[in-house]
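Here is what each chain is made of, one letter per residue.
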Amino acid sequence: MTDCNTFVSWLDQGSPDPERAAAAAHAAGCASCAERWRVDRSLERALRAAPEAAPVGFTDRVMARVGRGPSPLATAAPAMPWWIRAAMEPVTALALVASGALAWSSHGWAALVTAGHTLLHLHAPWLPSSLALTATGTLGLQVAAASLLALSSGALYRAVGRLAARGH
Amino acid sequence: MKPDAPLARSKDARAAPAATAELEAAWIERARSGDGDALRSLVDLHRDRAYGLALRVVRSAVDAEEVAQDAFVRAWRALPRFRGESAFATWLYRIVLRLAFDRAARMRARRAREARLEAHEFSPEMATAAEAGAGDAGERLERLIADLSEMQRAVVTLYYYGDRSVEDVARTLGIPENTVKTHLSRARAALRAGWKDEEP
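This is a predicted model, so every value here is computed, not measured.

With 48 residues of chain B in contact, the opposing surface of chain A contributes 39 residues. When the two sides are added together, the surface that chain B and chain A hide from each other amounts to roughly 4,200 Å², 61% of it contributed by carbon and sulfur. Run the count over chain B and chain A and you get six salt bridges. A salt bridge links A:Arg65 to B:Asp70; the shortest N-O distance between them is 2.6 Å. Here chain B is connected to chain A by 12 residue pairs in polar contact (both at pLDDT 80 or more). Of all the elements in the fold, those that place two or more residues in the side of chain B that touches chain A are helix 3 (36–58), helix 4 (61–78), helix 7 (137–146), helix 8 (150–161) and helix 10 (177–198) of chain B.

What follows is about the packing of helix 3 (residues 31–48) of chain A against helix 8 of chain B. The geometry of helix 3 of chain A relative to helix 8 of chain B is characterised by a closest axis approach of 8 Å and an angle of 90° between their N-to-C directions. Regarding the angle of helix 3 of chain A to helix 8 of chain B, the classification is roughly perpendicular. From helix 3 of chain A, A:Glu44, A:Leu47 and A:Arg48 reach across to helix 8 of chain B, where they touch B:Val156, B:Tyr159, B:Tyr160 and B:Tyr161. For the contact of helix 3 of chain A with helix 8 of chain B, the per-class residue count stands at five nonpolar, no polar and two charged.

Let's shift gears to the pattern of salt bridges. Any two side chains of opposite charge can pair, so long as their charged atoms come close to each other. With the rule as written, the count across this model stands at 21 salt bridges over all chains. Here A:Arg48 makes a salt bridge to A:Glu44, at a shortest N to O gap of 3.7 Å. Separated by four residues within a single helix, A:Arg48 and A:Glu44 lie in helix 3, roughly one turn from each other. Look at A:Arg48 and you get partly exposed, because its relative accessible area is 33%. Of the residues examined, A:Glu44 reaches a relative accessible area of 18% and is grouped as buried. When salt bridges with common partners are traced through the structure, they connect B:Arg164, B:Glu167, B:Asp168 and B:Arg171 into a single cluster.

So, how was this worked out
Residues numbered from 1 in each chain as written. Chains lettered and ligands numbered in written order. Predicted model: local features only at pLDDT ≥ 70, side-chain atom pairs only at ≥ 80, totals over all residues. Heavy atoms only, no water. Contact = heavy atoms within 4.5 Å. Buried area = accessible area lost by both parts, 1.4 Å probe. Salt bridge = Lys/Arg side-chain N within 4 Å of Asp/Glu carboxyl O. Polar contact = N/O pair within 3.5 Å; in protein donor to acceptor, adjacent residues only side chain to side chain. Helix = DSSP H or I, 4+ residues; strand = E, 2+ residues; numbered from the N terminus. Axes fitted to C-alpha atoms, helices over the stretch in contact; angles between N-to-C directions. Parallel < 35°, antiparallel > 145°, perpendicular 65-115°, else oblique. Nonpolar A, V, L, I, M, F, W, Y, C, P; charged D, E, K, R; others polar. Buried < 20%, exposed > 50% of the residue type's maximum accessible area, 1.4 Å probe, protein only.

From the geometry alone we can't say anything about function, so treat these as descriptive.
Structure below.
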């Protein structure tokens with residue numbers, strides 16, 4: 001470091017260590033740079049000191065505000081409809097796969113249709129007996145089963161959520 | 001206003017960083033699951049730096065306290081989503097600065113409106129404790145810092161008082177490291193010139 005400009009530029013960079021020895025050598029022979037360095041060190045000490053501590057009662061006031069607001073756990077839930085969150089639950093996926101397998105296997109589907117048909121005739125004997133076996137009836141049963149599955153998944157999801165919240 | 005008793009002051013935190021880091025990690029974990037006592041410990045640990053940072057940007061004690069309080073409340077609510085990808089302090093200071101810059105912008109707009117309505121009238125709300133006093137080193141420094149830009153004040157405060165590295169400051173402010181270095185260099189030059197002139 002041979003000149004004052006380089007020395008000032010070194011101070012502006014925060015007096016990095018690798019050039020400290022060269023800076024000290026320059027300051028030893030230059031009164032104005034030695035003075036600049038002294039001022040810089042005094043400034044750094046002041047900068048590292050606290051500008052001002054937090055006012056009295058700061059923590060209590062924060063805690064009072066926190067106490068008035070909702071718990072972070074209550075606000076942590078993603079803002080998505082319950083049926084999307086329910087659909088992402090592993091138990092829902094499992095239930096869907098199981099019911100899908102049952103519905104599409106010939107024996108399972110036949111058993112389901114027979115059960116549905118019997119139930120239908122027990123509770124609504126006035127309906128035509130061929131309804132459950134027609135394409136419309138089959139589609140209706142599928143839609144009803146899907147809705148029932150979605151609703152029960154939602155109820156199950158919410159019940160598990162309530163249990164988890166109670167645990168916290 | 002006088003400061004609270006230093007239960008877990010920032011300087012103590014610097015004296016035993018490893019122990020404090022372990023304690024802090026435990027408090028974060030407990031606070032994340034809703035433990036109020038753990039949150040109180042976190043507030044005690046970071047309140048002075050958070051408040052000091054806000055004060056440097058907004059230059060008003062009342063506004064700085066509101067900003068720092070808001071930041072802690074927001075951090076508490078967002079804590080379950082804090083993944084620890086950055087240090088808790090970096091994350092918290094980012095919230096403080098975002099709120100402080102917003103507040104400072106609103107204050108500037110209000111000042112401009114007031115200036116248009118009442119030219120040359122002094123606004124006591126904008127007077128800081130440092131500006132009101134006269135004499136000691138801290139007050140002289142605050143007067144000099146007041147002349148820096150908001151971004152320079154934030155960079156200088158995070159780097160020196162917040163004890164953050166250039167990389168941390170860049171991450172906290174969301175700006176490139178070279179920009180942080182430039183702000184620091186210009187701020188140092190301006191402060192050094194003023195500091196020398198103001199020395200008794």
